[in-house]
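Listed here are the chains, written in short residue letters.
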Amino acid sequence: MKKTKGRLILSIETSCDETAMALVRCSGTLKSPKFEVLKNIVSSQIAIHRPFGGVVPNLAKREHLKNLPKIFKQLLGSKAKSEMAKVDYVAVTVGPGLEPALWTGINFAQELKKKYGSVVIGANHMEGHLYSGLLPTGKKIKTAGNSKVQFPAIALVVSGGHTMLLHMTALNKWTKLGETLDDAAGEAFDKVARILGLPYPGGPEIQKTAAKGNPEAVKFPRPMLNKKNYEFSFSGLKTSVLYFLRDNPSFNKADIAASFQRASIDVLTKKTIRAAEEFNVKTVLLCGGVSANKPLQESLRTETGKRKIKFLVPDFEYNTDNAAMIAVAGFMSILSRKKKLLMEAQGNLTI
Ligand code: KG4
Ligand code: ZN
């Protein structure tokens, strides 16, 4: 396989409520890519959306427009021109996500093209999550790459907008085994948090509250667990929490949070392990915002450990939305010579 010399990628991510930019040195081959994260800046808009209990697309757009030039300056300092001369590609998320938010990143990238002659490439946000496990983990290791993943592998991608299981036979070859039929796992965490009166985003709040509760307190349903497929459904579980609280208004909230979290983790773990066994895989990858959930990580670590399957989860800074993973997605699409993505917001882009 042809060896690619190092490429410096400046990446931009604005698909939801984080404005993020990164500088990543990418090298190696499709079989063995390597990544060194030089800078990874995330500016969170949580405080702005919190009063509304969720992300407001037009507010997100306004904040991205405000943040992008600031982060760009933070990333490159005062010598933007000479620094941009060293950048080989600008990778920008074109989807999936909120279209008004996506456009801000795309337009910013196009301005960089006009101003500095940069080569701009589109990246798929979900491929970013999928490849986030290739980024270096631990403070001491600066570069990492595909030597970490052994194939075949199963990837559980769990974010605010998606929940899916992929069967991978190579870094650029996968089939979707199944996905959620309704709410995504992260969406369920956010909605249940709201039901319990916890602030947005719900995932980390549920985890924190659940740590003080008893996960056996309420036996919530495990949707789709006994179906012999790899589809998920979280909307019924959320409704069960809603009805349970309606019927038991003074029940301990921490117990409800813990029981809901346990039910979600049970389904995610059992379906992932079932797929891992069916396809006799060597690695299980966990990625997407919900991969920040420590009890979920523990559950998958334990179950894969019992079966001598390697378990990979990105470091905390790469679990939720970030731009380092977008540089990786961009680089991987260059290496796989994938058809170029259109430079326009594609809210429903699939993986
Ligand atoms: O990947 P991400 O940052 O954005 C999307 O692409 O959607 O994922 C955000 C989702 C939110 O629903 C958030 O509540 C959830 O990830 N999340 C968590 C945790 N941290 C973030 N869910 C459960 N436990 C967490 N610790
Ligand atoms: Zn995401």
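Quick look at the site of ligand 1 now. Looking at ligand 1, there are 17 residues lining it, with His129, Gly160, Asp190, Gln207 and Gly289 nearest. In the model, an oxygen atom of ligand 1 is placed 2.8 Å from a nitrogen or oxygen of the Gly160 main chain. Within the backbone of Asp321, an N or O atom sits 3.0 Å from an oxygen atom of ligand 1. Relative to its free-state accessible area of 560 Å², ligand 1 is covered by the protein chains to the extent of 89%. Secondary structure elements with two or more residues in the shell around ligand 1: α5 (125-131), α6 (185-195) and α7 (202-210). For the shell around ligand 1, the residue count by class is four nonpolar, 11 polar and two charged.

To continue, consider the pairing of strand β4 (residues 89-95). Successive side chains on a regular strand alternate, one facing one side of the sheet and the next facing the other. A large share of β4 lies buried, amounting to seven of its seven residues. By the bridge criterion, five bridges tie β4 to strand β5 (residues 120-124) in an arrangement that is parallel. By the bridge assignment, Thr93 is partnered in β5 with Ala123. After leaving β4, the chain enters helix α4 (residues 99-116) and then returns to the sheet as β5, a path that is right-handed.

The subject of this paragraph is the side chain of Glu13. Mapping Glu13 onto the fold places it in strand β1 (residues 4-13). A polar atom in the side chain of Glu13 sits 2.6 Å from the side chain of Ser15. Once residues within four sequence positions are removed from consideration, Glu13 is found in contact with Glu18, Thr19, Ala20, Thr93, His125, Asp321, Asn322, Ala323 and Ile326.

In this structure, His125 (NE2), His129 (NE2) and Asp321 (OD) serve as the protein donors to the zinc ion (ligand 2), at separations of 2.0 to 2.1 Å. When the donors of the zinc ion (ligand 2) are listed by position in the chain, the intervening gaps give H-x3-H-x191-D. Placement of both His125 and His129 in helix α5 is noted, with a separation of four residues, approximately one turn of the helix. Given a relative accessible area of 5%, His125 falls into the buried group.

To continue, consider helix α10 (residues 294-306). At 3.6 residues per turn, the α-helix brings residues three or four places apart onto the same side. Relative to the 18 Å expected for 13 residues at 1.5 Å per residue, α10 spans 18 Å between its end C-alpha atoms, a close match to the ideal helical length. Within α10 the residues assigned to the buried category are Leu296, Gln297, Ser299, Leu300, Glu303 and Thr304. End-on view of α10: buried residues confined to an arc of 165°, all on one side of the axis. Those residues of α10 that are buried lie in contact with β7 (153-158), α9 (253-278), β10 (283-287) and β11 (310-312). The backbone nitrogen of Leu296 has a side-chain oxygen 3.0 Å away, supplied by the residue at the start of α10, namely Asn293. In the segment just after α10, Lys308 is the residue with positive phi, at about 60°.

Pairing within the open sheet is mixed, and its five strands lie in the order β9-β8-β7-β10-β11. Bordering the open sheet on either side are β9 (173-179) and β11, each of which pairs with just one other strand. Within the sheet, the average angular offset between the axes of one strand and its neighbour, ignoring direction, is 20°. Note that β7 and strand β8 (residues 163-170) share six bridges and pair antiparallel.

It is worth spelling out the pairing of β7 at this point. Along β7, six of the six residues are buried, which leaves the element largely enclosed by surrounding structure. The side-chain alternation of β7 yields two buried faces, one formed by Ala153, Ala155 and Val157 and the other by Ile154, Leu156 and Val158. Between β7 and the antiparallel strand that follows it, β8, lie four residues. Pairing geometry for β7 and β10, over five bridges, is parallel. Considered in β10, the bridge of Leu156 is made with Leu286.

Moving on: the pattern of salt bridges. Inspection of every chain in the model, using the stated rule, returns 17 salt bridges. Notably, a salt bridge pairs Glu205 with Arg50, separated by 3.7 Å at the nearest N-O pair. Taken together, the residues span a long stretch of sequence, with Glu205 in helix α7 and Arg50 in the loop between α1 (46-49) and α2 (57-76) at a distance of 155 residues. When its relative accessible area of 13% is taken as the criterion, Glu205 is described as buried. Glu179 serves as the salt-bridge partner of Lys176, at 3.5 Å between the closest nitrogen and oxygen. Note on Lys176: relative accessible area 34%, which makes it partly exposed. For Glu179, a relative accessible area of 33% corresponds to the partly exposed category.

What counts and how
Residues numbered from 1 in each chain as written. Chains lettered and ligands numbered in written order. Predicted model: local features only at pLDDT ≥ 70, side-chain atom pairs only at ≥ 80, totals over all residues. Heavy atoms only, no water. Near = heavy atom within 4 Å. Polar contact = N/O pair within 3.5 Å; in protein donor to acceptor, adjacent residues only side chain to side chain. Areas by Shrake-Rupley, 256 points an atom, 1.4 Å probe, with all protein chains shown as cover. Helix = DSSP H or I, 4+ residues; strand = E, 2+ residues; numbered from the N terminus. Nonpolar A, V, L, I, M, F, W, Y, C, P; charged D, E, K, R; others polar. Buried < 20%, exposed > 50% of the residue type's maximum accessible area, 1.4 Å probe, protein only. Pairing = 2+ DSSP bridges. Right-handed = clockwise from strand over helix to strand, strands pointing away. Contact = heavy atoms within 4.5 Å. Donors = N, O, S within 2.8 Å, 3.2 Å for Na, K, Ca; no water. Expected span 1.5 Å × (residues − 1). Arc of directions from axis to C-beta. Axes fitted to C-alpha atoms, helices over the stretch in contact; angles between N-to-C directions. Salt bridge = Lys/Arg side-chain N within 4 Å of Asp/Glu carboxyl O.

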